[in-house]
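So you can see what is in the structure, the chains are spelled out below.
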Amino acid sequence: MDSLLVCVGSYTPEAGGDGVGVTAFSVDRVSGDLTMESTLPMVAPSWVEWHPWLPVFYAANEVDDGGVTSVEVRSPADMRILNYLPTDRKSTRLNSSHA
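My aim in this report is to walk through the structure given alongside it, one point at a time. (Residues numbered from 1 in each chain as written. Predicted model: local features only at pLDDT ≥ 70, side-chain atom pairs only at ≥ 80, totals over all residues. Heavy atoms only, no water.)

Notes on the packing of aromatic side chains
Summed over the entire model, instances satisfying the criterion amount to 1 aromatic pair. Measuring from ring centre to ring centre gives 5.4 Å for Trp50 and Phe57, while their planes differ by 70°; the resulting arrangement is edge-to-face. A relative accessible area of 31% places Trp50 in the partly exposed class. The exposure class of Phe57 is buried, given its relative accessible area of 0%. (Phe/Tyr/Trp six-rings, centres within 6.5 Å; stacked < 30°, edge-to-face > 60°. Buried < 20%, exposed > 50% of the residue type's maximum accessible area, 1.4 Å probe, protein only.)

Laid out in structure tokens, this is it:
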């Protein structure tokens, strides 16, 4: 495999930022070059954590009411929201998963 997929969250206007949601980049394993592949709009996905073996990541939506969004990655250009779970607070800041 020549490239690696990296998904980057951002603070959107709802959280005082200017991001658009999650952006997918391919990373050339040899040169380290980043190429933007796609974006997936969502509110303030400040933290992105990959599932240990599935093509899924979880994004913490860091706003006053908070939430966690699960996203399926079918390809770098095809990310789809699977589910959203509200948390009713900003406690979504501290997320981590361990295989």
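Quick look at the pattern of salt bridges
What the rule picks out here adds up to 2 salt bridges. Among the ionic pairs, Arg74 bridges to Glu72, the shortest N-O distance being 3.2 Å. Among the ionic pairs, Asp78 bridges to Arg80, the shortest N-O distance being 2.8 Å. Classification of Arg80 by relative accessible area gives partly exposed; the value is 38%. (Salt bridge = Lys/Arg side-chain N within 4 Å of Asp/Glu carboxyl O.)

Comments concerning the nonpolar core
A general tendency of soluble globular proteins is for nonpolar side chains to be buried together. Ranked by size, the top nonpolar core spans 11 residues in total: Cys7, Val22, Ala24, Leu40, Met42, Val48, Phe57, Ala59, Val71, Val73 and Met79. Mapped by element, the contributors of at least two residues to this core are strand E2 (21–28), strand E5 (56–61) and strand E6 (67–75). Filtering out sequence-adjacent residues up to four positions away, Leu40 remains in contact with Val20, Gly21, Val22, Val71, Met79 and Ile81. (Core = buried A, V, L, I, M, F, W, Y, C linked by side-chain atoms within 4.5 Å. Helix = DSSP H or I, 4+ residues; strand = E, 2+ residues; numbered from the N terminus. Contact = heavy atoms within 4.5 Å.)

Points about the sheet that holds E6
Pairing is antiparallel in the open sheet, where 4 strands are placed in the order E4-E5-E6-E7. Each of the sheet's edge strands pairs with one partner strand only, and the pair in question is strand E4 (45–50) and strand E7 (78–86). Neighbour-to-neighbour, the strand axes of this sheet turn through a mean angle of 25°, independent of strand direction. Summarising the sheet, E6 and E7 pair through 8 bridges and their orientation is antiparallel. Along E7, the bridge assignment pairs Glu72 with Arg80. (Pairing = 2+ DSSP bridges. Axes fitted to C-alpha atoms, helices over the stretch in contact; angles between N-to-C directions.)

Any functional reading would require information beyond the geometric quantities listed.
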